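Spelled out, the chains give:
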Amino acid sequence: MVEVSVCVATRGRPAGLETLLASLLNQRGAPNFDVVVIDNDPAGSARAVVESFAGRLQTTYDIEPVPGVSSARNRSVAISQGPLLAFIDDDERAEPGWLAALHEKMADPAVAAAIGVVTFEFDEGVPLYRRRCRLFRGLEFAEGETLKWWGAWIGNSIIRRSALSNPPFEAALNLVGGEDSHLFDDMIASGARIVAARRAITVEHRSAARTRLIDLLGRSLRGGATDLEIEWLKCRRRLRARLRYGVQSIVLGSVHLVLGIVCWIPARDFALGQLMDAANWCGRLGRLFGWRYREYRITR
């Protein structure tokens, strides 16, 4: 009987998917698991990679034609069989003790989900100041610590199926991002306990093409909007309050932008942090008045 279904959403990353599936072959001490791969490419470009693991991994392959990670993950949940669902991305590989460490946390029936540690590796062409930016720093949580929504992410997680709504991920966020933050915030609001699993480690690969300055600032822009949606918009809707927050966003964003520009040459690490702060406040400002930045640009 399958205890855990490992859910993978993929699109156009055959090499990364192959690396991920190979790492799942090397899991030690893991419970009985299967792997559900949802291809978000309507042409089915991942099929050959999945079929190459036939007889070595218990796999299910399906295509989700609607572009976006929410739809792909929702399909993986819908067709999976396990009472526990582990999520990992197609740009990650799992360390040998990954699934066992996640599964261990679920022995406590009071735990609805557990979150592992994502580490990063980079192409040689990625500048050092980008490698050291906040997006690639691990958050310091104690083993078993109860997490808030901002300390939880879907890549490298395990969730009890019974704790999920149907469907769990918002389709409206398909091309926006932040769908996992909203999911975990909703779970916590419903009384779910989410804990840290420090020994469940994945390694995410970042190429030079995925660490461009525009990508880092775009992630900060979207992240600011997500923060606002979860922490502010749910409880403060009056126009006057929005205007006050908008002025605050403009002032703080401008300060960080100026600091980022002035310090770009003498202190690149600091300057990048300031520019990311400026983008974060800009994202908040835009979302405050109804605009959403689309972090993911997927075409059919």
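What you are looking at is a predicted structure, and each value in this text was computed from that prediction instead of being measured.

(A) Up close: the nonpolar core. Membership of the largest hydrophobic core comes to 31 residues, with the highest contact counts inside it found for Val6, Leu17, Leu21, Leu24, Val35 and Trp98. The residues contacting leucine 21, other than those within four sequence positions of it, are Val35, Val37, Val49, Val50, Phe53 and Leu57. The next biggest cluster of nonpolar side chains, apart from the first, holds 19 residues, and it includes Ile159, Leu183, Met187 and Ile194.

(B) How the structure looks around the environment of arginine 287. Along the chain, arginine 287 falls in helix α9 (residues 268–288). If we skip the residues at most four places from it in the chain, arginine 287 touches Ala225, Leu228, Glu229, Leu233 and Arg292.

(C) Inspection of the pairing of strand β8 (residues 193–206) at higher detail. Pairing geometry for strand β5 (residues 92–94) and β8, over three bridges, is antiparallel. Residue pairing for β8: alanine 94 is matched across the bridge by threonine 202. Pairing of strand β6 (residues 111–122) with β8 involves 10 bridges; the strand directions are parallel. Note that in β8 the partner of valine 117 across the bridge is isoleucine 201.

(D) Quick look at the state of the cysteines. Under the defined criterion, the tally for this structure stands at zero disulfides. This cysteine, cysteine 133, is not joined by any disulfide, and cysteine 263 carries the nearest cysteine sulfur, 17 Å off.

(E) Focus on helix α8 (residues 239–262). Given a rise of 1.5 Å per residue, 24 residues ought to cover 34 Å, and the 35 Å separating the end C-alpha atoms of α8 matches this to within 8%. Those residues of α8 not exposed but buried are Ala241, Arg242, Tyr245, Gly246, Ser249, Gly253, His256 and Gly260. In the core, the buried residues of α8 are packed alongside α7 (213–233) and α9.

(F) How the structure looks around the pattern of salt bridges. In the structure shown here, the tally under the stated rule is 22 salt bridges. Between glutamate 104 and lysine 105 there is a salt bridge, and its shortest N-O distance comes to 3.7 Å. Residue classification places glutamate 104 among the partly exposed positions, given a relative accessible area of 43%. Using a relative accessible area of 13% as the deciding quantity, one classes lysine 105 as buried. The partner of arginine 134 in a salt bridge is aspartate 277, and the shortest N-O contact between them spans 2.5 Å. Highlighted residues: arginine 134 in the loop between α5 (128–131) and β7 (157–160) and aspartate 277 in helix α9, separated in sequence by 143 residues. Each of Arg13, Asp90, Asp91 and Arg210 takes part in a single network of salt bridges with overlapping partners.

The rules behind these values
- The written sequence of each chain sets the order in which its residues are numbered from 1.
- Confidence filtering applies because this is a predicted model: local features only for residues at pLDDT of at least 70, side-chain atom pairs given and counted only at 80 or more, and all residues used for totals across whole chains, interfaces and linings.
- No hydrogens and no water enter the side-chain calculation; it runs on all heavy atoms of the structure.
- Residues grouped as a nonpolar core are buried Ala, Val, Leu, Ile, Met, Phe, Trp, Tyr and Cys residues, joined through side-chain atoms within 4.5 Å.
- We call a residue buried when its accessible area falls under 20% of the maximum for its residue type, exposed when it is over 50%, and partly exposed in between, using a 1.4 Å probe and counting protein chains only.
- Residue contacts are defined here by distance: any two heavy atoms, one from each residue, within 4.5 Å place the two residues in contact.
- By definition, any uninterrupted DSSP run of H or I lasting at least four residues is a helix, any uninterrupted run of E lasting at least two residues is a strand, and each is numbered from the N terminus.
- A strand pair is defined by DSSP finding two or more bridges across the two strands.
- Cysteine sulfur pairs qualify as disulfides if the two atoms are within 2.5 Å.
- Here a helix's expected span is defined as the number of its residues, less one, multiplied by 1.5 Å.
- Each reported salt bridge corresponds to a side-chain nitrogen of Lys or Arg within 4 Å of a carboxyl oxygen of Asp or Glu.

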